[in-house]
Amino acid sequence: SGMAQVQTNLTNLAETGYGEGEICHRLVNPTFSQEVKTSIAISSAQLVKERRKLANILVNHESLDLLIDLLEQSTDSNVISDTVLCLSTVAAHVGIVSPNLTLPPATIGPCEREKEVPELYDLILELDDGSTICTSRQLLTTASSVFAAMLEGGFREASRSNVRISGVSAAPLECLVHHLTGCQWCALFARLEALELLELLELSDRYLLPELNIRISHEIVRGCMLIEDFLLQVYEKSLQKQYPVQCSDASLAECTISTVLVADMTVEARTRLVNSLVKSNLSSDFLDDVNKMIRKKIFTK
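Residues numbered from 1 in each chain as written. Predicted model: local features only at pLDDT ≥ 70, side-chain atom pairs only at ≥ 80, totals over all residues. Heavy atoms only, no water.

Student: Help me out: how do you make sense of the overall build of the chain in this one?
Tutor: Check the secondary structure of the chain and you find 16 helices and 3 strands. Against the compact-globule benchmark of 19 Å for 301 residues, the chain has a radius of gyration of 25 Å, which places it well outside the compact range. With the C-alpha coordinates of the chain rotated into their principal frame, the extents come out at 80 × 40 × 35 Å. Counting over 301 residues, the chain shows a buried share of 47%. Restricting to contacts in the chain with at least 6 residues of sequence separation, those with at least 24 account for 66%. If you sum the accessible surface of the chain, you get close to 15100 Å²; carbon and sulfur atoms cover 52% of it. Charge centroids of the chain, computed over 26 positive and 39 negative side chains, lie 5 Å from each other. (Helix = DSSP H or I, 4+ residues; strand = E, 2+ residues; numbered from the N terminus. Rg over C-alpha atoms; globule rule 2.2 N^0.38 Å. Buried < 20%, exposed > 50% of the residue type's maximum accessible area, 1.4 Å probe, protein only. Contact = heavy atoms within 4.5 Å. Areas by Shrake-Rupley, 256 points an atom, 1.4 Å probe, with all protein chains shown as cover. Lys, Arg positive; Asp, Glu negative; His and termini not counted. Charge placed at Lys NZ, Arg CZ, Asp CG, Glu CD.)

Spelled out as structure tokens, the structure:
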């Protein structure tokens, strides 16, 4: 199209030695206004594709820092939206990938635990708050090698009908039992809140259940894309401890940042998520993580 050709021509001009020099000169020359520098930083980061020139503009001449500052300091909604689009474009161009690119459809399956006969339960799982979950010893030992070692090996739990499961709340543990029963993702899972999903994520790692871990990771990413409070809770917790994420080589904190930057969503939706983080007590961590992630990728071939 005509607009695409114009953008190509502008990119070709910006990537000439003269164009690069003019961009860098205006970014650091004190005679140019902040408004001019803002326009140059936003436009040049979207136009320049050649990695060495992009690194020169973003890092050596500090336009990346200017873009980060705009997110934190600007009160102009249009400037913020343009900055979010710019950072998303740069992030995708330098190779930042969101885990959501392979998200399966959000489907709820049948509950297999409802088909069980409670009278056959011979094991009670006790939680720290005193609540209990009844289940079958054979079911757990057959479905999980960790439970098999605990309940059939030399551990004290092997001879007991009541077993304490510490450090977890009832809903995530109930979902774990549902998974071991054969539930793929029944309605009980869909009711879990952000912090409960994080607990279940840890349980999936503790009991060596990689398929469950991947499914939970997908739901966490999906929640981060859709719900601001969900995103804030997940990001805050991911800064405090390492969570095992099987669907990515990155940490959960990095997955959260990459989701916000490059997941498939509208500019309006992305801006809303970014604003929720920038206006929270996590602002400094978020902006620093965005800065570091883009810098790292720029210099990674």
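Having seen the structure, we can now continue with the description.
Student: Quick question: what am I supposed to make of unusual backbone geometry here?
Tutor: With glycine set apart, most residues show a phi of negative sign, and most peptide bonds adopt trans. With a phi angle near 65 degrees, glutamate 62 is a residue other than glycine that sits in the positive phi range. On the secondary structure map, glutamate 62 appears in the loop between α4 (51-60) and α5 (63-73). In the Ramachandran plot, leucine 208 falls in the positive-phi region, its phi being about 55 degrees despite a non-glycine side chain. Structurally, leucine 208 can be placed in the loop between α11 (194-206) and α12 (210-226).

Student: Help me understand the sheet that holds strand β3 (residues 162-164), please; the structure alone is not making it clear to me.
Tutor: Strand order in the open sheet formed by 3 strands is β2-β1-β3, and the pairing between neighbours is mixed. In this open sheet, the two strands that pair with only one neighbour each are β2 (132-135) and β3. Shown here is a sheet whose adjacent strand axes are inclined to one another by a mean of 25 degrees, direction ignored. Two elements, strand β1 (residues 123-126) and β2, share 4 bridges in a ladder whose sense is antiparallel. Across the sheet, leucine 123 pairs through a bridge with threonine 135, a residue of β2. In this fold helix α9 (residues 170-181) packs onto β1 and β2, with an angle of close to 5 degrees to the strand it touches most, β2. (Pairing = 2+ DSSP bridges. Axes fitted to C-alpha atoms, helices over the stretch in contact; angles between N-to-C directions.)

Student: Please explain the layout of surface pockets as it appears in this structure.
Tutor: Take a probe with the size of a water molecule and roll it over the atoms, and the empty space left behind shows itself. Estimates place the volume of the second largest pocket at around 290 Å³. Around the second largest pocket sit 19 residues that line it, and Ala190, Leu192, Leu197, Glu219 and Phe230 are the ones nearest its centre. Those elements giving two or more residues to the lining of the second largest pocket turn out to be α10 (187-190), α11, α12 and α13 (228-240). For the lining of the second largest pocket, the leading source of residues is α12, giving 5 residues. Among the residues forming the lining of the second largest pocket, the class breakdown is 11 nonpolar, 3 polar and 5 charged. (1 Å grid on protein atoms, 1.4 Å probe; cavity = no way out; pocket = protein on both sides within 12 Å on 5 of 7 lines; lining within 4 Å. Points joined across faces, edges and corners; volume = space filled by probe spheres on them. Nonpolar A, V, L, I, M, F, W, Y, C, P; charged D, E, K, R; others polar.)

Student: What's the story with the pattern of salt bridges in this structure? I'm lost.
Tutor: A side chain with one charge can pair with a side chain of the opposite charge if their charged atoms come near. Within this structure, the stated rule accounts for 11 salt bridges. With a closest N to O distance of 3.0 Å, aspartate 65 and arginine 295 form a salt bridge. With aspartate 65 in helix α5 and arginine 295 in helix α16 (residues 283-298), this residue pair connects regions lying 230 residues apart in the sequence. Residue class for aspartate 65 comes out partly exposed when judged on its relative accessible area of 26%. Of the charged contacts, one joins glutamate 116 and arginine 113 as a salt bridge, the two residues approaching to 3.5 Å between their closest N and O atoms. (Salt bridge = Lys/Arg side-chain N within 4 Å of Asp/Glu carboxyl O.)

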